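# Close look at the chain arrangement
Okay, here's what each chain looks like letter by letter:
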Amino acid sequence: MAQIFHRSTNTLSRVTIFGAVFIVAGILGAVGIFVRSPYVTREGVPVVQPVPFSHKHHVNDDGIDCRYCHTSVEVSSFAGMPPTETCMNCHSQLFTTSPVLVPVFASARTDMPIQWNRVNQLPDFVYFDHSIHVNKGVGCTTCHGQVDQMPLMMRAASLQMTWCLDCHRDPAKYVRPLDQVFSMTWQPPADQLEAGKKLVTEYHIESKTNCSTCHR
Amino acid sequence: MLRRDQRRATSDEQRGKDSFSFFILCSSFVLVAFLVAACNSSGSLQIMGEQPRYDPYEASNFYANGMSARPVISDTVTFMQPLTNTLLYEGTVDGELATTFPFAITDAVMQRGQQRYNIYCAPCHGALGNGQGVVAQRGFCCPANFHSDRLRAAPVGHFFDVVTYGFGRMPSYGQVIPARDRWAIIAYVRALQLSQHATLDDVPPDQKNKLGNTTP
């Protein structure tokens, strides 16, 4: 019986079988890159707000401390969002004719809250607590980036589980002295690992990787 | 009356029927599971990442102002706040402005006061308490200069009253700063006042030689 396929198809079939492995691996790799990409994690994407509130102006130019507005960040799981009265503390006199502040004045007049759009948000099955991090030497910038350079707030980290775990496995890489937690200028020193190890013993920081730490 | 082998035949038949209905039962469970999964993707059932509970400050259309949390009713006091302790919570003794602090002013209290002052007061009153904070420089009219004879002579209870309830153009901070912290801040304001009004007589004798030869 005559050969249906030419001899060269042997090579072809081998290449396709072999190639399929690469194609599958390639697709998996692409998916992997995609789910970690800013498109999915919203990392570095500024969030549009009803009032173009600028941390760059208020924190960097005016030197207002985070805790003036995010009052509960040291004592509670929730960092706290400033009520309209907090804005009015200053804007009762400043920029009173500015059109960008119209929603703030409307809110103060009608008692309806300003609806800020969430920037950082974890799924409901994850438990997160600001107070423990802030009180054990994890600074705002470690998780939220250079907030003082953001005209509009954006996510600075993926907030994925690997990100949390990277630090929880070895907090020494990131912890800083307690008086620097709110500092926007602190940079890790050259000997961060050693300095971090010292702080870890000093502040009794544990490496918490048990699932029930965050899923409870 | 059934004979023994007859009876066994019946129960065999029965068992066959039983296992058939067991099969039906199982498959209907599987079917329901599939239906549930199908519904889930259309959002009609609970999704773990978005659970039927409110995050802090999450929007709700149940109340007219769109908030899930209820506002604090005015004149609400802290749980278990001893209403008789007017010194600590009102800064008054027998209806008169207090002239003493409700607790001993230690170094730790002073440190706390300095930190809280720099968060909540320095934006307007300035780090020195001279009324020249950044916000004042941006045009917020006239935060008080603490270094006047009137304010040096004012009882601490007056400061407590100003911080708690506001004063003229100054907003109130009673809702934001816990009572003990307000007292700590006032202790620090007293220290600021001293720092800008010290005379040579305030310097301990053994420290005087450190001041150099510029003594008038």
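Please refer to the structure higher up on the page.
What follows covers the side chain of Ser158(A). Residues and elements named next belong to chain A. Mapped onto the elements, Ser158 comes out in the loop between α8 (140–144) and α9 (161–169). Look at Ser158 and you get buried, because its relative accessible area is 14%. Within polar-contact distance, the side chain of Ser158 engages the backbone nitrogen of Gln160 at 3.1 Å. Not counting residues up to four positions away in its chain, the partners in contact with Ser158 are Thr41, Glu43 and Trp163.

Counted by the stated rule, this structure contains 12 aromatic pairs over all chains. Between the aromatic rings of Tyr68(A) and Tyr120(B), the centroid separation amounts to 6.1 Å while the plane-to-plane angle is 40 degrees, which identifies the pairing as tilted. Here Tyr120(B) lies in helix α3 (residues 107–120) and Tyr68(A) lies in helix α4 (residues 66–69), a pairing that spans two chains. Three or more aromatic residues link up through ring pairs in this structure, and these residues are Tyr117(B), Phe146(B), Phe159(B) and Tyr188(B). Here Arg67(A) stacks its cationic end above the ring of Phe182(A), 3.6 Å away from the centre of that ring. Directly above the ring of Tyr63(B) sits Arg70(B), whose terminal nitrogen or CZ lies 3.4 Å from the centroid.

The next point concerns the side chain of His158(B). Residues and elements named next belong to chain B. Along the chain, His158 falls in helix α7 (residues 156–165). Under the relative-accessibility criterion, His158 is labelled buried at 17%. Beyond its immediate stretch of four places on either side in the chain, His158 contacts Leu97, Arg150, Leu151 and Phe167.

Let us now look at the state of the cysteines. This structure, assessed with the given rule, holds one disulfide over all chains. In this model Cys214(A) remains outside any disulfide bridge; the closest cysteine sulfur is found in Cys164(A), 6.0 Å from its own. We note that Cys121(B) lacks a disulfide partner, and the nearest cysteine sulfur, in Cys124(B), lies 8.8 Å from it.

Turning our attention to the interface of chain B and chain A. Interface extent is often summarised as the accessible area lost during association of the parts. Counting residues at the interface gives 25 residues for chain B, matched by 21 residues for chain A. Summed over both partners, the interface of chain B with chain A comes to about 2200 Å²; 55% of that surface belongs to carbon and sulfur atoms. Viewed at the interface, chain A and chain B are joined by three salt bridges. When the shortest N-O distance is used, the salt bridge between Arg138(B) and Asp62(A) registers 3.1 Å. Our count for the chain B to chain A interface comes out at 11 residue pairs in polar contact (both at pLDDT 80 or more). Where the side of chain B that touches chain A is concerned, the elements lending two or more residues are α3 and α5 (134–137) of chain B.

About the criteria used
Residues numbered from 1 in each chain as written. Chains lettered and ligands numbered in written order. Predicted model: local features only at pLDDT ≥ 70, side-chain atom pairs only at ≥ 80, totals over all residues. Heavy atoms only, no water. Helix = DSSP H or I, 4+ residues; strand = E, 2+ residues; numbered from the N terminus. Buried < 20%, exposed > 50% of the residue type's maximum accessible area, 1.4 Å probe, protein only. Polar contact = N/O pair within 3.5 Å; in protein donor to acceptor, adjacent residues only side chain to side chain. Contact = heavy atoms within 4.5 Å. Phe/Tyr/Trp six-rings, centres within 6.5 Å; stacked < 30°, edge-to-face > 60°. Lys NZ or Arg CZ within 6 Å of the ring centre and 35° of its normal. Disulfide = S-S within 2.5 Å. Buried area = accessible area lost by both parts, 1.4 Å probe. Salt bridge = Lys/Arg side-chain N within 4 Å of Asp/Glu carboxyl O.

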